[in-house]
Amino acid sequence: MNCFNFSEKYNEEQSKKVEILHKFLENYNPDNNKEVFFCTAVNLLPLDDLTDISNGLDDATSGMSLKEKYDYLKNQLFECGDNHNIKIELRKGKYNEEK
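These lines cover the structure that appears in this document, whether it is placed above or below.

Reading the values: rules and limits
Residues numbered from 1 in each chain as written. Predicted model: local features only at pLDDT ≥ 70, side-chain atom pairs only at ≥ 80, totals over all residues. Heavy atoms only, no water. Helix = DSSP H or I, 4+ residues; strand = E, 2+ residues; numbered from the N terminus. Buried < 20%, exposed > 50% of the residue type's maximum accessible area, 1.4 Å probe, protein only. Contact = heavy atoms within 4.5 Å. Lys, Arg positive; Asp, Glu negative; His and termini not counted. Salt bridge = Lys/Arg side-chain N within 4 Å of Asp/Glu carboxyl O. Polar contact = N/O pair within 3.5 Å; in protein donor to acceptor, adjacent residues only side chain to side chain. Expected span 1.5 Å × (residues − 1). Arc of directions from axis to C-beta.

What the chain contains, in helices and strands, is four helices and zero strands. Taken from the N to the C terminus, the helices and strands of the chain come in the order α-α-α-α. Expressed as a percentage of its 99 residues, the buried residues of the chain come to 26%. Counted over contacts in the chain with a minimum sequence separation of 6, partners at least 24 positions apart contribute 73%.

Let us look at the side chain of Lys17. One can find Lys17 in helix α1 (residues 3-27). One buried charged residue, Lys17, remains without a salt bridge, the closest side chain of opposite sign being Glu13 at 4.5 Å. Within the local environment of Lys17, its side chain forms a polar contact with the backbone oxygen of Leu45, the two atoms lying 2.9 Å apart. In this structure Lys17 touches Val42, Asn43, Leu45, Leu47 and Leu50, once residues within four positions along its chain are discounted.

In this section: helix α4 (residues 66-83). Here α4 spans 26 Å end to end across 18 residues, near enough to the 26 Å set by a 1.5 Å rise per residue. For α4, the complete set of buried residues consists of Tyr70, Leu73, Leu77, Cys80 and Gly81. The buried residues of α4 occupy an angular sector of 100° when projected down its axis, which confines them to one face. Of the exposed residues in α4, the ones pointing more than 90 degrees away from its buried face are Asp82 and Asn83. Asn85, located one to two residues past α4, shows a positive phi value of around 60°.

Pasting the structure below:
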């Protein structure tokens, strides 16, 4: 595989992740304050798992409030992370402290 093919595949994967991120932000984001969480999760988790989670959301969350939908999705993402030994969290340190 040459470098061009690799970059095409990478760009395609990132485009699919962007689509999933938009779905999460548009439909599962109560109070419009979960952007950083969703961006972190989508960036860290494998595309195949994100696709599976995304495809099952509409049926699984039918009839739920927006907050319940977010909680359901959050649990799915954390469970996926646990399965891959990935922690979905922001690390707070001296660079994130208020000055």
